[in-house]
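What follows is the residue order along each chain.
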Amino acid sequence: MEGGRGIGSSLNRAQNMHTISASDRYLLDVFAEISKLCERNSIPHKVQERCNEMFKLYYDVLTLRADGTRVRSLREEETKQIIAGVLLLSLRGENMTRTFTEISRMTGVCAGGIFTCFLTEMVS
């Protein structure tokens with residue numbers, strides 16, 4: 001009988017590990033998108049990791065309340081602009097500068113949207 005409870009608790013533990021909050025699922029999806037962009041454009045893994053860190057920090061600043069709950073979710077276009085902005089900053093941080101036009105072609109975000117996001121990130 002004790003063995004049966006052990007299997008049940010193991011199953012419960014496994015199921016709980018697969019229960020991910022919506023904000024965590026969103027971050028995992030964004031990190032996958034950043035990974036695809038970096039792989040497709042031969043961008044080093046170090047830049048990809050930096051993009052992930054910057055996106056997480058910026059996402060927390062935009063959406064996290066003091067009590068730990070999320071204020072809002074980001075729109076798809078807003079997410080793409082932030083990805084493009086953090087990619088640009090990460091590349092510049094590693095002395096692999098790319099122009100707004102190059103980043104725009106990589107991400108599918110207009111250069112004006114990247115510029116707006118870039119200025120917002122530089123100010124904050």
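Please refer to the structure higher up on the page.
Residues numbered from 1 in each chain as written. Predicted model: local features only at pLDDT ≥ 70, side-chain atom pairs only at ≥ 80, totals over all residues. Heavy atoms only, no water.

Trainee: Looking at this structure, I do not really get the overall build of the protein chain. What am I missing?
Mentor: The helix and strand inventory of the protein chain stands at 6 helices and 0 strands. Reading the secondary structure of the protein chain in the N-to-C direction produces α-α-α-α-α-α. Considering the protein chain as a whole, with its 124 residues, one finds that 34% of them fall into the buried category. Partitioning the intrachain contacts of the protein chain with sequence separation of at least 6 by distance along the chain shows that 58% fall at a separation of at least 24. For the protein chain, the accessible surface area stands at approximately 8,000 Å², while carbon and sulfur atoms represent 55% of it. (Helix = DSSP H or I, 4+ residues; strand = E, 2+ residues; numbered from the N terminus. Buried < 20%, exposed > 50% of the residue type's maximum accessible area, 1.4 Å probe, protein only. Contact = heavy atoms within 4.5 Å. Areas by Shrake-Rupley, 256 points an atom, 1.4 Å probe, with all protein chains shown as cover.)

Trainee: Looking at this structure, I do not really get the packing of aromatic side chains. What am I missing?
Mentor: Going through the model one piece at a time under the given rule, you end up with 3 aromatic pairs. Between the aromatic rings of Tyr 26 and Phe 55, the centroid separation amounts to 6.3 Å while the plane-to-plane angle is 45°, which identifies the pairing as tilted. You can see Tyr 26 sitting in helix H2 (residues 22-40) and its partner Phe 55 sitting in helix H3 (residues 45-63), a full 29 residues away along the chain. Relative accessible area serves as the criterion here: at 1%, Phe 55 is assigned to the buried category. Ring centres of Tyr 26 and Tyr 59 lie 5.0 Å apart, and the angle between their planes is 35°; this geometry places the pair in the tilted category. One end of the pair, Tyr 26, is in helix H2; the other, Tyr 59, is in helix H3, and 33 residues separate them in sequence. Through a chain of ring-to-ring contacts, three or more aromatic side chains come together here, namely Tyr 26, Phe 55 and Tyr 59. (Phe/Tyr/Trp six-rings, centres within 6.5 Å; stacked < 30°, edge-to-face > 60°.)

Trainee: In this structure, what is going on with the pattern of salt bridges? I would like to understand it.
Mentor: Oppositely charged side chains can pair when the atoms bearing their charge come close. On inspection of all chains with the given rule, the structure shows 8 salt bridges. Two residues, Glu 94 and Lys 46, come together in a salt bridge whose shortest N-O distance is 3.8 Å. In this pair, Glu 94 sits in the loop between helix H4 (76-93) and helix H5 (100-107) while Lys 46 sits in helix H3, placing the two residues 48 residues apart along the sequence. For Glu 94, a relative accessible area of 23% translates into the label partly exposed. When its relative accessible area of 54% is taken as the criterion, Lys 46 is described as exposed. (Salt bridge = Lys/Arg side-chain N within 4 Å of Asp/Glu carboxyl O.)

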